[in-house]
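What the coordinates show
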Amino acid sequence: MSTILFELGCEELPPKSLKPLRDALQASVTEQLREAEISFDSIKSFAAPRRLAIQIQGISDKQPDRTEQKRGPAIKAAFDGDGNPTRAAMGFAKGLGVEASELITINTDKGDYVGFEQTIHGQAITELLPTIFQTALDNLPIAKRMRSGASRNEFVRPVQWAVLMQDDAVIHAIIQGHQTGAQTRGHRFHSPDYHDIAHANDYESLLEGLKVVSDFDKRQTLIKNQVKTLADEVNSDAIVPQDLLDEVTALVDFPIALRASFETRFLQVPQEALISTMQADQKYFCLTDKAGKLQPYFIFITNIMSQDPNQIIEGNEKVVRPRLADAEFFFLQDQKQPLFALTESLKTRVFQDKLGTIWDKSERIAKLSAFIATLLQQQSHDISVDEAVRAAMLSKADLASSLVGEYPELQGIAGTYYARLDGETEAVAASLEEQYLPKFSGDVLPQTPIGICLALADRLDTLVGIFAIDQAPTGSKDPFSLRRSAIGILRILIEKQLPINLVALVEQAIKGYSDTNGGSKIAKMGDTFTQVMAFLNSRYRAMYTEQGVSVDTIQAVQAINPHMPLDFDQRIRAVQAFSTLSQASMLADSNKRVANILAKSEVSVSDTVDETLLTEPAEQNLYGSVRQAQTAVTPLLEQADYTQVLQTLASLDEPLTEFFDNVMVNSEDEALKNNRLALLKQVRALFLTVADISELQL
C-alpha cells in the first residue's frame, strides 16, 4: 500500500469553476479506480487558484489477478465419435494460443461445452494512473478549452507543471503535454520558485509552508472564521452568500481578511443597491446590524501578507467609493419625479411583440388584481380593491428608473423605496417588492394581501399570454420561466391557505386580453384555457415530488382533477395518511378491481341500489356499511376533512373483501348483476370523493 500524488499546475483557474472542477476530477478518478478494481483507503482532492490535485492513500500496487473463462463449441461438436478433437475444437484452441489438450469441459444448464481458463495478471498502478488522470482531465466540465503557445494540448488555462508520484518516487509520464516530476510551486508572490516534494504524504503541509492552503474547504473555513471575527468586532453580522464565498475562496491561496469602511451618507441609498455592487463588482462581504440594516463597513479577502495592511484597506476604500457614488447618483436622479411619472415611458416599452407594451401588461394586472382582491375580501381579508389597482399600475414603474437600469436585480425593491418616498400607503409600497416572490424554489412568499394579488396576477397574465401566442415551454427551453411561475402560483394559493379556484383565475386572466371593442387579442380562447389549466395541473408533480411525495399519491389526486390548489393539497395529505393504514393496500387493490369491473360493464350502471335484490349476506353487509359510510362522510366532506373521510372509508375493507370472496358480481340473473354493479359504483363513488386510490402502488 502506498500514497499517490497528482497535481496539475496552471495559470489562475476560473474562480467560479474551481470547485466544480475539483469535484469532477475526484469523481472521475474514483470511478475509474473502481472500474479498474484498484483498491484504496481514501482519496482527497485539492483546489487552489493555480492548481488541481488528488492524493490517494492506501492504494494497492497493482490490479488483482483474475481468472477469465472462455467458452467454445458444444462437446458434441468439439469431439468426434473416437474422442478426437474436431476442427471446431482445434480452431477454438488455436484462437486462444493453446493446445486442444488444454481445453476443459464447462457444464451449463444448456449443456456441456469446451472451454479454457486463463489467469489475467493485473497491471501495475504506475502503468494505469497516467491514463486515468489524463482521462479525468479530458472529461472535466470545461465550457471552452484553450491551447498555450505551440502546444496542441487543450485545457481551461495554460498548464505550467505536472506532478505524479508514488510515495517518494516519480511516476514518469506525459500529462497535458508536460513531463511529470516531483516539483511544485508555492504562492505566486511569497514563494514563486519550484520546490521539491520529498514524499506524496508531505504535499499539503509543504504547500502551507509555501503560503498555499491547498484544501479548498479548509481555506473556506479560514475565510468564514476571519470574517466572523472582524464582524463581531463592530457588533455586526456578515452577509456571506455561498456562491460569493466559493468564488472568493477560489481567488486566494492564503486568505487574509481585512475590514474597511465607507461614508455613512451612502446609507441613504437602498441598501440592496450598495450590497449588490459591493458583492458583484468587488467580491466584498457586507455587514449589517442585528436588525439587518446595512452598516458602513465591508470585509474583503486579500491574497498577500502585507507589512502595512492599512494601505490595502485604503486602496479598497478608494476603489469602492465611486461605485457607491454611482448608486447614490441614480437614486437621487430618480427622485426628481414621482414614481407614477415613470409609467409614462412604459407605454413605449415592449413586453412582448404580440402582447403589447409593459403599460398594457400593467393595465391587465390591475384588472386581475382587482378581481383577486374582491375574492380575498369575500374571505374576510383586510384589503382595499382601490389600493390593489393602484399598486398594479405602479408595479412596473421602476423598470424605467435609472437605479433598476443599472441594477436590474433591484426591480420591485427600488419601486418600494420610491413609493414610500412618494407617500404611497405602506400596503401599496410593500407589494411592489413582493410581486416578484417567490423568485426561486423554496423562496419566501408575499406576505401582504396586495402583494399576493400582484404576484398571482403578474404570473397568470404572462402564462395566459405566452400560451395564447403558441410559445409554451418545450423540452428544457422556458425563456419566460413559466414552469417556475406556475409553481409560484400553486405555492401561494396553497401555503397562504387561499380557497381560490384556478378556473376562475385563468378565465379572468384571459378576459384581460379583451380589446376596447369587446373582442379578444387571444384568437383561440378555449384552447388557451385548456392548455394553461393542463400546464398548471402538470406542475403539481414537480412540486410535490420535490417534497418527497410519491408519484402514485400525486396521480391518485390528479385522477379526479381538483381545480383548487388548496383543496388539491388537502387531498394529497389525506392520501399520504391513508397510505400508512394497514387496510390501505387491500382497499387499493379492491378499488382497482371495482374500477375494472365497472369499466367492462356493457350497460349504463345505475346510481341507486334496489335493497330487495340484495340476496347474499355479504352484499347486504356491504350495502349496510356503504350507507353508514355515506352518512358519516357527508359532514366531513363539507368541512374538507379528507383525512378523516379516508379513515372512515377504511372500515369498508372487510365488507368489500367478504363481498368479493362470496358474491358473483356477473350473475346470470341480469337484475342481480346490475344491482351488484350499482353497489360497487357507490363504493367507487365514496372513495372518489377524495382521490382515486386505485392508483396507489402499495
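Before any of the text, the structure's been laid out above.
About the criteria used
Residue indices begin from 1 for each chain and proceed along its sequence in written order. Totals for whole chains, interfaces and linings use all residues, but because this is a predicted model, local features are given only for residues with pLDDT of at least 70 and pairs of side-chain atoms are given and counted only at 80 or more. Side-chain numbers here rest on the full set of heavy atoms in the structure, without hydrogens or water. Secondary structure elements follow DSSP: runs of H or I no shorter than four residues count as helices, runs of E no shorter than two count as strands, and numbering proceeds from the N terminus. As a reference, a globule follows 2.2 Å times the number of residues to the power 0.38, and the radius of gyration itself is taken over C-alpha atoms. A contact between two residues is defined here by any heavy atoms of the two lying within 4.5 Å. In short, Shrake-Rupley with a 1.4 Å probe defines the accessible areas, and a residue's cover is counted only from the protein chains shown. Interaxial angles span 0 to 180 degrees and are taken between N-to-C directions of axes, which are lines fitted to C-alpha atoms, for helices over the stretch in contact. Angles below 35 degrees are treated as roughly parallel, those above 145 as roughly antiparallel, those between 65 and 115 as roughly perpendicular, and all remaining angles as oblique. Working rule for handedness: look at the near helix, and if it is turned counterclockwise from the far one by less than a right angle, call the crossing left-handed; if clockwise, right-handed. Just so you know the grouping, Ala, Val, Leu, Ile, Met, Phe, Trp, Tyr, Cys and Pro go in nonpolar, Asp, Glu, Lys and Arg go in charged, and all remaining residues, Gly too, go in polar. Should DSSP find at least two bridges between two strands, the strands are regarded as paired. Three labels apply to residues, based on accessible area from a 1.4 Å probe with only protein chains included: buried if under 20% of the type maximum, exposed if over 50%, partly exposed otherwise in between. Distance and chemistry together define a polar contact, namely a pair of N or O atoms within 3.5 Å, with one atom able to donate a hydrogen and the other to accept it when in protein, and with adjacent residues in sequence counting only for side-chain atoms on both sides. Every case where a carboxyl oxygen of Asp or Glu lies within 4 Å of a side-chain nitrogen of Lys or Arg is listed as a salt bridge. What counts as a ring pair is set by centres within 6.5 Å for rings of Phe, Tyr and Trp (its six-membered ring), and what kind of pair is set by the plane angle: stacked under 30 degrees, edge-to-face over 60, tilted for all other angles. Put simply, a charge is over a ring when the Lys NZ or the Arg CZ is close to the ring centre, within 6 Å, and near the line of the ring normal, within 35 degrees.

1. Considering the overall build of the protein
If you tally the helices and strands in the protein, you get 25 helices and 20 strands. Relative to the globule expectation of 26 Å for 698 residues, the C-alpha radius of gyration of the protein, 36 Å, shows a markedly less compact shape. Projected onto its principal axes, the C-alpha coordinates of the protein cover approximately 105 × 95 × 45 Å. The contacts of the protein with a sequence gap of at least 6 include a subset with a gap of at least 24, amounting to 68%. Here the protein displays about 32900 Å² of accessible surface, and carbon together with sulfur accounts for 48% of that area.

2. Digging into the packing of helix H15 (residues 449-468) against helix H16 (residues 482-495)
Relative orientation of the contacting elements H15 and H16 amounts to 140 degrees, with a least axis distance of 10 Å. When the interaxial angle is binned, H15 and H16 end up oblique. The interaxial crossing formed by H15 with H16 has left-handed handedness. Residues Ile-452, Ala-455, Leu-456, Arg-459, Leu-460, Thr-462, Leu-463, Ile-466 and Phe-467 of H15 lie in contact with H16, whose contacting residues are Leu-482, Ser-485, Ala-486, Gly-488, Ile-489, Ile-492 and Leu-493. By residue class, the composition of the contact of H15 with H16 is twelve nonpolar, three polar and one charged.

3. Digging into the sheet that holds strand S1 (residues 2-10)
In spatial order, the strands read S2-S3-S1-S9-S10; together these five strands make up an open sheet with antiparallel pairing. Each edge of the open sheet carries a strand with a single partner, namely strand S2 (42-48) and strand S10 (169-170). Where S1 meets strand S9 (residues 159-166), seven bridges bridge the pair, whose relative direction is antiparallel. The residue of S9 that forms the bridge with Glu-7 is Val-163. Along the sheet, helix H4 (residues 125-138) contacts S1, strand S3 (51-59) and S9; its crossing angle with S1, the most-contacted strand, is approximately 35 degrees.

4. Notes on the side chain of His-187
In this fold, His-187 is placed in the loop between strand S13 (183-185) and strand S14 (194-196). Residue class for His-187 comes out buried when judged on its relative accessible area of 0%. Only 2.5 Å separates the side chain of His-187 from the backbone oxygen of Asn-303, close enough to count as a polar contact. Setting aside residues no more than four positions away along its own chain, His-187 makes contact with Arg-50, Pro-192, Leu-210, Lys-211, Val-212, Asp-253, Phe-254, Asn-303 and Ile-304.

5. Some remarks on helix H24 (residues 653-662)
Those residues of H24 that fall on the buried side of the exposure criterion are Asp-653, Pro-655, Leu-656, Phe-659 and Phe-660. Elements in contact with the buried residues of H24: helix H21 (584-600), helix H22 (617-638), helix H23 (642-649) and helix H25 (670-688).

6. Considering the pattern of salt bridges
Going through the model one piece at a time under the given rule, you end up with 33 salt bridges. A salt bridge links Arg-323 to Asp-281, with the nearest nitrogen and oxygen atoms 3.4 Å apart. Here the residue Arg-323 occupies a position in helix H9 (residues 309-334), and Asp-281 occupies one in the loop between helix H8 (271-280) and strand S17 (285-288), the gap between them amounting to 42 residues. Judged by relative accessible area, Asp-281 falls into the partly exposed class, the value being 39%. Among the salt bridges present, the one from Asp-692 reaches Arg-684, with a minimum N-O distance of 2.8 Å.

7. Observations concerning the packing of aromatic side chains
For the coordinates displayed, the defined rule picks out 13 aromatic pairs. Consider the rings of Phe-329 and Phe-330, whose centres lie 5.8 Å apart with planes at 65 degrees: the pair is edge-to-face. For Phe-329, a relative accessible area of 48% corresponds to the partly exposed category. Residue classification places Phe-330 among the buried residues on the basis of a relative accessible area of 18%. Geometrically, the ring pair formed by Tyr-544 and Phe-568 is stacked, given 5.9 Å between the ring centres and 20 degrees between the ring planes. Of this pair, Tyr-544 sits in helix H18 (residues 525-546) while Phe-568 is found in helix H20 (residues 565-579), placing the two residues 24 residues apart along the sequence. The residues Tyr-544 and Phe-568 share a single accessibility class, namely buried. Taken together, the ring pairs in this structure connect Tyr-284, Phe-298 and Phe-300 into an aromatic cluster. Over the ring of Tyr-113 we find Arg-71, and its NZ or CZ is 4.4 Å from the ring centre. Looking at Arg-185, its charged tip hangs above the ring of Tyr-194, at a distance of 4.9 Å from the centre.

8. A word on the environment of Val-29
Along the chain, the position of Val-29 falls in helix H1 (residues 15-35). Relative accessible area serves as the criterion here: at 0%, Val-29 is assigned to the buried category. Put simply, Val-29 and Phe-133 are 104 residues apart on the chain and 6.6 Å apart in space, counted from C-alpha to C-alpha. Among residues more than four places away in sequence, those in contact with Val-29 are Ile-43, Ile-56, Ile-132, Phe-133 and Ala-136.

9. Describing the sheet that holds strand S5 (residues 104-108)
The antiparallel open sheet is built from three strands, whose spatial order is S4-S6-S5. At either margin of the open sheet sits one strand with a lone partner, and together these are strand S4 (66-74) and S5. Direction aside, the axes of adjacent strands within the sheet are offset by 45 degrees on average. Bridge count for S5 against strand S6 (residues 111-120) is five bridges, and the pairing is antiparallel. Residue pairing for S6: Ile-106 is matched across the bridge by Tyr-113. Where helix H3 (residues 87-96) meets the sheet, its contacts fall on S4 and S6, and the angle it forms with S4 comes to roughly 155 degrees.

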